[in-house]
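# Chain and residue survey
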Amino acid sequence: MLVKKFKMKCLVTGCAGFIGSNLLEKLLSEGHSVIGIDNLSTGKLDFMSESLDNNSFKFIKSDLKDINNLISKIEDVEIVFHLAANADVRFGLNNPSRDLTENTINTFKLLEAMREINIKNIIFASTGSIYGNTNEIPTVENCSFPSQTSLYGASKVSAEAFLSAYCEGFKMNAVSCRFVSLLGPRYTHGHVFDFVKSLIKDSKELIILGDGKQYKSYFHISDCINAIMILSKNLIDKTIEGFLPINLGTEEGISVEQSASIICSVLNKKPKFVFTGGSRGWVGDNPNIQLDISRAKSFGWLPKKSIRESIEETTLWVHNY
């Protein structure tokens, strides 16, 4: 007996970004119809080069703050993948209103547009940064929330609060994916990117923020996309109802210094490591991030790539891009 393939009509915000463009390709490869929105402030058209020729994809260059002007174009959407955001944690203090505007207020505007045209399902790109400097390691979704350490984390917590309230008040269904840092093709910022670019300029010395002992979990974009696809099917099938936060990452961890050593090995470089000192790389950095992924695993998902594999592949991609 043939099983009918699962099809969705989707909206992907931030479709030209790191996560968005990879998700876009996966959705189209499985025969789903996709409308994508991106203002291209950080997203790149070449990340969508293959998708743009697909008849099942419609790209709208727009900012989410103007979502009300696009309602007629997204009326038949069944599920929203909300990935558009300012994702640069490190430099949030340079422009304090940016995280609020792009991550919280734009999420609210999107939810209002969804409410107006009765779109009930949304998957939201949140972050493990919302746990701040928690002492509960590995961290579970219902841990005691500490004080926020970054404007980015604060903006994502605020967005999650709106998602939760809209699910309660307007009977929406939302999965909030709390990611650890992602690696893989189209990765455009973060420590691997910074280290590779630094080594290209000067292979004799590598400056590492903090003491290098910051212990983090990272996972591969392909594992992330597979998780999102599994969760989206559960939303459409109503296996998930209401608001559900889910940690996504690996059960491994690695220090920043160990990661730097892997990058240097891949590039065949032997620089002197120079540490700036302190337990944090910058104000708002969480020196220990390790998430409990039991809830995600209960849906049949498991990460397949090791942290080492992810770092090695990303190093080569950044070096050759």
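In what follows, the structure referred to is the one given above.
Below: a short report on this structure. Values in this document were obtained by computation on a predicted structure and should not be read as measured data.

## Examining the overall build of the protein chain
When helices and strands are counted, the protein chain shows eight helices and 14 strands. Against the globule reference of 20 Å for 321 residues, the protein chain gives a C-alpha radius of gyration of 19 Å, in line with a compact fold. In terms of principal-axis extent, the alpha carbons of the protein chain reach across some 55 × 45 × 45 Å. Counting only residues that meet the buried cut, the protein chain has 49% of its 321 residues in that class. Partitioning the intrachain contacts of the protein chain with sequence separation of at least 6 by distance along the chain shows that 81% fall at a separation of at least 24. By element, 50% of the accessible surface of the protein chain is carried by carbon and sulfur atoms, the whole surface being about 14700 Å². The centroid of the 35 positive side-chain charges in the protein chain is displaced by 2 Å from the centroid of its 35 negative side-chain charges.

## Observations concerning the environment of Ala-260
Assignment of secondary structure puts Ala-260 in helix α6 (residues 256-267). A residue is classified by how much of its surface remains accessible, and Ala-260, at 0% relative accessible area, is buried. Sequence separation between Ala-260 and Lys-156 is 104 residues, and the spatial gap between their C-alpha atoms is 28 Å. With near-sequence residues (within four places) excluded, Ala-260 lies in contact with Phe-195, Leu-206, Ile-208 and Phe-273.

## A look at the sheet that holds strand β3 (residues 57-61)
Strand order across the open sheet formed by seven strands is β3-β2-β1-β4-β5-β6-β11, with parallel pairing between neighbours. Of all strands in the sheet, those bounded by a partner on one side alone are β3 and β11 (243-248). Adjacent strand axes in the sheet meet at a mean angle of 15 degrees when their direction is disregarded. Against the sheet, helix α1 (residues 18-29) contacts β1 (9-13), β2 (33-38), β3, β4 (79-82) and β6 (173-179), and its axis sits at roughly 165 degrees relative to β1.

## Structural notes on helix α2 (residues 96-116)
Given a rise of 1.5 Å per residue, 21 residues ought to cover 30 Å, and the 30 Å separating the end C-alpha atoms of α2 matches this to within 8%. Within the sequence span of α2, burial applies to Asp-99, Asn-103, Thr-104, Asn-106, Thr-107, Leu-110, Leu-111, Ala-113 and Met-114. Considering only its buried residues, α2 is in contact with β1, β4, β5 (121-125) and α3 (151-170). Count one or two residues on from α2 and you reach Asn-118, which has phi positive near 65 degrees.

## Here's the deal with the packing of aromatic side chains
In the structure shown here, the tally under the stated rule is twelve aromatic pairs. Judged by centre distance (5.7 Å) and plane angle (70 degrees), the ring pair of Tyr-131 and Phe-145 falls under edge-to-face. Placement of Tyr-131 in the loop between β5 and α3 and of Phe-145 in the loop between β5 and α3 is noted, with a sequence separation of 14 residues between them. The interplanar angle of 55 degrees and the centroid separation of 5.0 Å between the aromatic rings of Tyr-166 and Phe-170 together place this pair among those described as tilted. Of this pair, Tyr-166 and Phe-170 both sit in helix α3, separated by four residues, roughly a single helical turn. Residue Tyr-166 is classed as buried on the basis of its relative accessible area of 8%. Residue Phe-170 is classed as partly exposed on the basis of its relative accessible area, which comes to 32%. Through a chain of ring-to-ring contacts, the aromatic side chains of Phe-108, Phe-162, Tyr-166 and Phe-170 assemble into a single cluster. In this arrangement the basic side chain of Arg-115 is found over the ring face of Phe-170, its NZ or CZ atom lying 4.5 Å from the centre.

The rules behind each value
Residues numbered from 1 in each chain as written. Predicted model: local features only at pLDDT ≥ 70, side-chain atom pairs only at ≥ 80, totals over all residues. Heavy atoms only, no water. Helix = DSSP H or I, 4+ residues; strand = E, 2+ residues; numbered from the N terminus. Rg over C-alpha atoms; globule rule 2.2 N^0.38 Å. Buried < 20%, exposed > 50% of the residue type's maximum accessible area, 1.4 Å probe, protein only. Contact = heavy atoms within 4.5 Å. Areas by Shrake-Rupley, 256 points an atom, 1.4 Å probe, with all protein chains shown as cover. Lys, Arg positive; Asp, Glu negative; His and termini not counted. Charge placed at Lys NZ, Arg CZ, Asp CG, Glu CD. Pairing = 2+ DSSP bridges. Axes fitted to C-alpha atoms, helices over the stretch in contact; angles between N-to-C directions. Expected span 1.5 Å × (residues − 1). Phe/Tyr/Trp six-rings, centres within 6.5 Å; stacked < 30°, edge-to-face > 60°. Lys NZ or Arg CZ within 6 Å of the ring centre and 35° of its normal.

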